[in-house]
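Summary of the model geometry
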Amino acid sequence: MAGCKNLFGIFMLQMMVLALFSLHAEGQGLKVGFYKKSCPQAEGIVSKVMSDVMAVAPSLSGPLLRMHFHDCFIRGCDGSVLLDSLNRQTEKFSPPNLSLRGFNIIDRVKSALEKSCPGVVSCADIVALVARDVTVATKGPYWEVETGRRDGKVSLFADPINRVTGLPPPSANITILKQSFALRGLSTKDLVVLSGGHTIGMSHCSSFENRLYNFTGKGDTDPTMDINYIARLKLKCKPQDQTTLAELDPGSFKTFDDSYFKLVTKRRGLLQSDAALLDDPETRAYLIQSISHGSTFFEDFGVSMVKMGRIGVLTGSQGEVRKVCTKTN
């Protein structure tokens, strides 16, 4: 009986989240060129700052792309991941977000925009524009970013780690991944396409250590991972290593390309959530298609990013446009 109540509680929570996201799941109020009249140079300013940043710190491309995902998946794309708090009880300080970097870059972009157009461009839109610009800077696709998001006023430490509605963990299997994306109105194709963002960036050894040393609690390795890849990773990552970083896409982790998909098909996906893409007919088919000459990954990535950028947005008179991205007005 207790189990039934628990399942019902989870179901009701999922319905509440769906209701929250569906209010603006189609991104009503967003449009390309939202700032055309109020701040016509907005995208140019973002692009200029990011060009300067990428010239000296290209390793921030992965974290800044991932920041948009982490923002949109919790409370929608409302900039809530950017908020600070004295007691460290906002999303930014929740375990899944501790590996994010580049918050100071968002602040830098915001400062540049405030000089030209005070109080006009939202922090949520900055995160979306920066995600596109770092993708382009790493030789990835360009897409038109819809803008018009407003900034949220709520950010809770517990939200990213909620086991039903939080961020899918690196250890997520394909069922959990598909549920997490579906909860936000994203398809299985969006799941595999957006996973392709792992073509740039790094991951802490602690995110996949169990695959190397203790997969089932018996001191074993993950049987789905290539044994030669395991041996190479063990040279870099020792047990209980909390600081070392490993490339998500070895050999081209600074270049946005389709080599990530090639690695996953060779059982060299770094995270369990990468390897899980082989466990579903649709995601597996996309992996195989993407390593053929008929790959549509670049085009698809832009489409899925626009779709993700519409999740749970605040528009019109909702929320606010923060003056400083780290705190509410």
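These remarks concern the structure in this document. (Residues numbered from 1 in each chain as written. Predicted model: local features only at pLDDT ≥ 70, side-chain atom pairs only at ≥ 80, totals over all residues. Heavy atoms only, no water.)

**A few points about the side chain of D274**
Structurally, D274 is set in helix α11 (residues 272–275). As a buried residue without a salt bridge, D274 has its nearest oppositely charged side chain in R211, at a separation of 6.2 Å. Among residues more than four places away in sequence, those in contact with D274 are H198, L248, Y260, V264 and G269. (Helix = DSSP H or I, 4+ residues; strand = E, 2+ residues; numbered from the N terminus. Buried < 20%, exposed > 50% of the residue type's maximum accessible area, 1.4 Å probe, protein only. Lys, Arg positive; Asp, Glu negative; His and termini not counted. Salt bridge = Lys/Arg side-chain N within 4 Å of Asp/Glu carboxyl O. Contact = heavy atoms within 4.5 Å.)

**Thoughts on the pattern of salt bridges**
Where charged atoms from two side chains of opposite charge approach closely, those side chains can pair. One pass over the full model with this rule turns up 13 salt bridges. R132 is the partner of E43 in a salt bridge, and the nearest nitrogen-oxygen pair spans 3.0 Å. Of this pair, E43 sits in helix α2 (residues 42–56) while R132 sits in helix α5 (residues 123–137), placing them 89 residues apart in sequence. A salt bridge links E114 to K110; the shortest N-O distance between them is 2.9 Å. Placement of both E114 and K110 in helix α4 (residues 103–116) is noted, with a separation of 4 residues, approximately one turn of the helix. For the pair E114 and K110, a shared accessibility class is recorded, and that class is buried. Linked through salt bridges whose partners overlap, the residues forming this network are E43, R132 and D133.

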